[in-house]
Amino acid sequence: MAATHVALAAAALLLLLCPAAPAIAVPAEEGLDLGGAVRFNLGWRDYGPGSGNGRPELELLRIDASGRRGAGIFSLQYRWYDGFDAVHHAWAGWSLDADRDLRVGVQQVPFGLLPYASQGFWFGSGYYLGLEDDYDLGIVYRDERGDRSWHGGVMLRDEYGTGANYDRYSFDVATTDALPYREVEHAVVRYARRFERGDWALEWGASGLLGRIEDRTDGSTFRHAAAALHLEGARGPWTLQGQWAHYDYDVPGGRVALSAFMFPFEVAARADVLSVNVVRDFDMSGNWLDSLRCYNNLSTTRAGGPGLADSWLNVTGCSIGKGPMFTYFDWIAGRNMWFVGGPGIGISEPGGDTWRSRLNINVGFYF
């Protein structure tokens, strides 16, 4: 892959982001499953250098492996991007039954809407704040019996144990010269209840996280807390989702830095994150396509205080599936969002308070 690609601005590099197809599931029977993916990306944006028609680029290579032997289970995924490579997840565990298990290793933090609080290729605002599809090193117990779901865990560190490594998939606290922090221990709990009301299949849930971040210059620690409430309803081909999340890094100065995909950036140290999604699945029976889903994901980060401002992100698009191929067509619009020309998330700086947008097409082949 050309070295010039690595030199692109942060906004362009974040084309690499990918909620796409989930990792392969652990086999229900004893055995080993191997898989992988290759994806290509094409984009056009209305801001920044080289904002005209894009060219197709190799976006990702990945390998997957999962398996089961007796009660023992494991799953791992490793990814190669342009300019860096990173672990996505790597855990082993003990299965009590089909609905309960204990997992140890780098795994998804069970917080908010699962598996994601969005449907588009670029996720929603929570992803870039470490509140959605975040992977850390820890121990998590899962219990999904009946109409209730419990998750509880202790996350010991981020996936690399250091905030100074910016080459990662999920967003974690970053160690920078101005904001020298890193994540340490966190406890997390999530509860959800599924039920039916008329034609609606509903789920509501609550999540909480409490832990610390460490100042690498003197070893002092500061409290980090987060909470979320979510509601999801499905009726026929329609799905509606809503989520409120709040996070708070109790640090002086009102800012922390996060990083992923090779770059750190600053965010408001505390804010509310609101997400509203509308999704429609189309019946493809008898059609050439296997699946067709269209969606609108709207999210906002509400921050207040000196040097802070609200951030917005809206993703409108469709995803289509045919055999091993899965493709996203997304129109992404952002205001005061770091990867859409903004200075950070929840940060107020000259030039950030402008709506910018881009068209993104991602074609993947999953094996």
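Refer to the preceding data block for the structure.
Counting starts from 1 at the beginning of each chain's written sequence and moves along it residue by residue. Residues qualify for local features only when their pLDDT is at least 70, as the model is predicted, and side-chain atom pairs are given and counted only at 80 or more; totals for whole chains, interfaces and linings, by contrast, use all residues. The side-chain quantities take in all heavy atoms of the structure and omit both hydrogens and water.

A. Quick look at the overall build of the protein chain. Along the backbone of the protein chain there are three helices and 20 strands. Only the C-alpha atoms count toward the radius of gyration. The rule for a globule is 2.2 Å times the residue count to the power 0.38. Taken over C-alpha atoms, the radius of gyration comes to 20 Å for the protein chain, in line with the 21 Å a tight globule of 367 residues would show. Overall, the C-alpha framework of the protein chain stretches about 55 × 50 × 45 Å when taken along its three principal axes. The buried share of the protein chain, taken over its 367 residues, is 51%. Only the protein chains shown count as cover for residues, with accessible areas throughout obtained via the Shrake-Rupley method and a probe of 1.4 Å. Counting only carbon and sulfur atoms, one obtains 60% of the accessible surface of the protein chain, whose full area is about 15500 Å². Comment: elements are numbered from the N terminus, with helices defined as DSSP H or I runs of at least four residues and strands as E runs of at least two. Here's how the labels work: a residue is buried when its accessible area is under 20% of the maximum for its type, exposed when over 50%, partly exposed in between, all with a 1.4 Å probe on protein chains only.

B. Representation of the environment of Val 26 within the structure. Its place among the elements puts Val 26 in the loop between helix H2 (10–13) and strand E1 (31–45). Only heavy atoms enter the contact rule, under which two residues are in contact if any of them lie within 4.5 Å. Residues in contact with Val 26, not counting those within four places in the same chain, are Ser 66, Gly 67, Arg 68, Ile 73, Phe 74, Ser 75 and Trp 91.

C. Representation of the environment of Asp 177 within the structure. Within the fold, Asp 177 resides in the loop between strand E8 (172–173) and strand E9 (181–197). Given a relative accessible area of 82%, Asp 177 falls into the exposed group. Along the backbone, Asp 177 and Thr 217 are 40 residues apart, and their C-alpha atoms lie at a distance of 9.7 Å.

D. View of the side chain of Asp 64. Structurally, Asp 64 is set in strand E2 (residues 57–69). Whenever two N or O atoms come within 3.5 Å, that pair is a polar contact, provided that in protein one can donate a hydrogen and the other can accept it, and provided that, for residues adjacent in sequence, both atoms are side-chain atoms. A polar atom in the side chain of Asp 64 sits 3.3 Å from the backbone nitrogen of Gly 36. Of the polar contacts made by the side chain of Asp 64, one reaches the side chain of Gln 77; its length is 2.6 Å.

E. Spotlight on the sheet that holds E8. For two strands to be treated as a pair, DSSP must find no fewer than two bridges joining them. The strand order across the open sheet built from four strands is E8-E13-E14-E19, with neighbouring strands paired in mixed fashion. On the outer flanks of this sheet lie E8 and strand E19 (344–345), each paired with one strand and no other.

F. Quick peek at unusual backbone geometry. Note that the residue after Leu 114, namely Pro 115, is joined by a cis bond; omega there is 5°. Structurally, Pro 115 can be placed in the loop between strand E5 (100–108) and helix H3 (125–128). One non-glycine residue, Phe 123, lies in the positive phi region at around 55°. Looking at where Phe 123 falls in the secondary structure, it is placed in the loop between E5 and H3. Even without being a glycine, Asp 133 presents a positive backbone phi close to 50°. Position of Asp 133 relative to the elements: it lies in the loop between H3 and strand E6 (135–143). Overall, Asp 133 belongs to the buried group, its relative accessible area being 4%.

G. A look at the packing of aromatic side chains. Two rings from Phe, Tyr or Trp (for Trp, the six-membered ring) form a pair when their centres are within 6.5 Å of each other. A pair whose planes differ by under 30 degrees is stacked, one over 60 is edge-to-face, and the rest are tilted. Summed over all chains, the structure comprises 22 aromatic pairs. Residues Phe 265 and Trp 338 carry aromatic rings whose centres are separated by 4.1 Å and whose planes lie at 10° to one another, so their mutual orientation is stacked. Residue Phe 265 is located in strand E14 (residues 263–268), and its partner Trp 338 is located in the loop between strand E18 (325–335) and E19; the two are separated by 73 residues in the primary sequence. Per residue, the accessibility class of Phe 265 equals that of Trp 338, and both read buried. By the ring-pair criterion, three or more aromatic residues cluster together here, those being Tyr 81, Phe 84, Tyr 116, Phe 123, Tyr 127, Tyr 128, Tyr 135, Tyr 169, Phe 171, Phe 261, Phe 265 and Trp 338. Positioned above the aromatic ring of Tyr 169 is the side chain of Arg 79, whose terminal nitrogen or guanidinium carbon lies 4.7 Å from the ring centre. Definition used: whenever NZ (Lys) or CZ (Arg) falls within 6 Å of the ring centre and also within 35 degrees of the ring normal, the charge is taken to sit over that ring.

H. Summary view of the pairing of strand E16 (residues 291–302). For strand E15 (residues 270–282) and E16, the ladder comprises eleven bridges, and the chain directions are antiparallel. Looking at E16, one finds that Ser 275 is bridged to Ser 299. Two elements, E16 and strand E17 (residues 311–322), share eleven bridges in a ladder whose sense is antiparallel. If you follow Ser 291 over to E17, its bridge partner there is Gly 321.

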